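# Residue-level structure breakdown
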Amino acid sequence: MSISTLRRSARETVSGLPPGFWWLWLSTLVNRTGAFVLTFLSLYLTLELGHSAWFAGLVVALHGLGGVAGSPLGGVLTDRWGRRPTMITMHLAAAACAGALAFVTSAWGIATAVLLMGAAMQAVRPPINATIADMVPAHDVRRAYSLNYWALNLGFAIASLGGGAAAFLGYRTLFLVDAVATVLCAVIVFLRLPETRPAPRSGPQAPTESAAEEKVSTLTVLRDAPFRTLVLLNLLVCLVFTAPWIGLPLTMADQGLSASSYGAVIAVNGVVIVGFQLLVNKFTDKRSPVLLLVLSSLLFGLGTGATALAGSSVAFAATVVVWTVGEMIHVPTNAAATARLAPEHARGRYQGVMGMSWAVAGFVAPVLAGAIVDGPGPDVLWAATAAIGVLAAAGYATRLRKALAEDEDVVAAPVPVPGPVPSPAPAPVVVKGGDAEESPVRT
């Protein structure tokens, strides 16, 4: 592939998106570039403050537990307050927690700050995802989510390089830098990002429709059968995705490989995403979301399952490459599928419930992975992740093909040219999961 071809492909990948998206993209990059807390929290707790490894693991788990509550909270606020105020509030709350960690030294204080930070950081994701769905044309939504995910990983890779600075500046200084970067992110949103929440509908049916919109709750979202299936299948994939972050270092250590070897192997994940996300976007563009979700689930299962067969750093790195490609396909495709299944007025709640599946996996998977490695052994863990990946792929292929295909038909439907309408047409009916319901407006 020539340089000119790569340049043309890159231009096509980043062209045609509204200016507001790029300000949101920049805020994501700034936020993740300063994300030092999670990267170095365990080292800070054990090496700087002298806490046990058990306590450090518990604190990291509390961050995930906070996200379980924060994600649906962010979804509700996104639909009620608006996208912009929710983002600003949660960014400032996360910044306050990061700043507090630079000064708080008591165990309870640290645990509380990390728990609240997990809630705030997860609560900001629904408004970000809802904003992308609001402002980006439907045929470009998946590409926009891919670019935003690329910014997230690029920023995280930059933040990881801050490990060398810790020796000179100290962990507390890095946490303050994290707080400043998060505040800067809130400033970008405040100054440059418009509010995109859909305006209340006008017309004779507006009061009835507005009342119906207000009744949407997390429980209502969970009653949406196709979306509930999407969330449960994503939870399975998230469990597979999270397992290597705990099981891989333990497996490598069991084979006599050093911690530095693990660091080099897991760094492959970030390198592949930063280097090849745009190329993967080109490959996945315009392809069936069900096909991509099936493929990504199989790659997750294959990559993690093959870990049981690896015996060297190179072999372990190869398995990371496989499931990282699955990650690059799955994350934006799943986010776009969520946006497509969500009614316009409830995008925040839908994204909040989907985000909760990531948070639950982040809390549960480390515990399960550690218990399996300590009990039956690493081979059982990797066999289980392979089986779960295949199960998720089968679920996507058999349970969501019709729902997402119907949704694509709704999105792709031609927009009628404005003109005189002789009489109101009945609302279209879409069959989802065997139940007939009014088709929500999707953009």
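### A short note on the overall build of the protein
Looking only at helices and strands, the protein features 19 helices and two strands. Relative to its 443 residues, the protein shows a buried fraction of 49%. Excluding contacts between residues fewer than 6 apart, the proportion of contacts in the protein whose partners are at least 24 apart in sequence is 85%. Total accessible area on the protein is roughly 19,900 Å²; 69% of this is exposed by carbon and sulfur atoms.

### Here's the deal with the pattern of salt bridges
Counted under the stated rule, the structure contains six salt bridges. Across the pair Arg347 and Asp134 runs a salt bridge whose closest N-O atoms are separated by 2.5 Å. With Arg347 in helix α17 (residues 347-374) and Asp134 in helix α7 (residues 125-135), the pair connects residues that are 213 residues apart, well separated along the chain. Like Arg347, the residue Asp134 is buried in the burial classification.

### Points about the packing of α7 against helix α8 (residues 141-160)
It is at 9 Å that the axes of α7 and α8 come closest, and there the two elements cross at 140°. Here α7 lies oblique to α8, going by the angle between them. When you trace α7 past α8, the crossing you get is right-handed. Residues Ile128, Asn129, Ile132 and Ala133 of α7 pack against Ala144, Tyr145 and Asn148 of α8. Looking at the contact of α7 with α8 residue by residue, the class counts come to five nonpolar, two polar and no charged.

### Some words on a nonpolar patch on the surface
Residues Leu92, Val183, Leu184, Val187, Phe190 and Leu191 make up a contiguous nonpolar surface patch of roughly 530 Å² in combined accessible area. With five residues, helix α10 (residues 171-192) is the single largest residue contributor to the nonpolar patch. Assignment of secondary structure puts Leu184 in helix α10. According to the relative accessible area criterion, Leu184 is partly exposed, its value standing at 44%.

### Re the confidence of the model for the protein
Across the protein, the average pLDDT comes to 84, with 84% of residues at 70 or higher. Highest mean pLDDT in the protein belongs to helix α15 (residues 289-305) (97); lowest belongs to strand β2 (residues 435-438) (32). Ignoring residues within four places in sequence, the model shows residues 206-211, a span with pLDDT below 50, making two contacts including any to other chains.

### A few points about unusual backbone geometry
Here the phi dihedral of Lys286 falls at roughly 70°; this positive angle occurs in a residue that is not glycine. With respect to the element layout, Lys286 can be found in the loop between α14 (259-284) and α15.

### Considering the environment of Ala393
When you line up the elements, Ala393 lands in helix α18 (residues 378-399). Ala393 gets classed as buried once you look at its relative accessible area, which sits at 4%. Between the C-alpha atom of Ala393 and that of Leu299, which follows or precedes it by 94 residues, the distance is 9.6 Å. Each residue touching Ala393, except ones within four places of it in the same chain, is listed here: Val294, Ser297 and Leu298.

### Concerning the nonpolar core
Residues Phe227, Leu230, Leu248, Val265, Tyr396 and Leu404 are the most contacted members of the largest nonpolar core, which totals 45 residues. Those elements that place two or more of their residues in this core are α13 (225-254), α14, α15, α16 (313-341), α17 and α18. In contact with Leu404, not counting residues within four places along its chain, are Pro289, Val290, Leu293, Ala337 and Leu341.

### Details of the packing of aromatic side chains
For any pair of aromatic rings, the description rests on two quantities: the centre-to-centre distance and the angle between the ring planes. If you walk through the whole model with that rule in mind, you get 11 aromatic pairs. Between Trp25 and Trp150, the aromatic rings sit 6.1 Å apart at their centres with planes inclined by 35°, giving tilted as the arrangement. Here Trp25, found in helix α2 (residues 19-33), pairs with Trp150, found in helix α8; they are 125 residues apart in sequence, far enough to count as distant. With centroids separated by 6.2 Å and ring planes inclined at 80°, the aromatic side chains of Phe241 and Trp358 adopt a geometry described as edge-to-face. Of the two residues, Phe241 sits in helix α13 while Trp358 sits in helix α17, which places them 117 residues apart along the sequence. Within the aromatic cluster, the residues linked to one another by ring pairs are Phe241, Trp245, Phe300, Trp323 and Trp358.

Conventions we followed
Residues numbered from 1 in each chain as written. Predicted model: local features only at pLDDT ≥ 70, side-chain atom pairs only at ≥ 80, totals over all residues. Heavy atoms only, no water. Helix = DSSP H or I, 4+ residues; strand = E, 2+ residues; numbered from the N terminus. Buried < 20%, exposed > 50% of the residue type's maximum accessible area, 1.4 Å probe, protein only. Contact = heavy atoms within 4.5 Å. Areas by Shrake-Rupley, 256 points an atom, 1.4 Å probe, with all protein chains shown as cover. Salt bridge = Lys/Arg side-chain N within 4 Å of Asp/Glu carboxyl O. Axes fitted to C-alpha atoms, helices over the stretch in contact; angles between N-to-C directions. Parallel < 35°, antiparallel > 145°, perpendicular 65-115°, else oblique. Left-handed = near helix turned anticlockwise from the far one by under 90°. Nonpolar A, V, L, I, M, F, W, Y, C, P; charged D, E, K, R; others polar. Patch = residues over 30% accessible without salt bridge, like charges linked within 9 Å, V, L, I, M, F, W, Y side chains within 5 Å. pLDDT = per-residue confidence, 0-100. Core = buried A, V, L, I, M, F, W, Y, C linked by side-chain atoms within 4.5 Å. Phe/Tyr/Trp six-rings, centres within 6.5 Å; stacked < 30°, edge-to-face > 60°.

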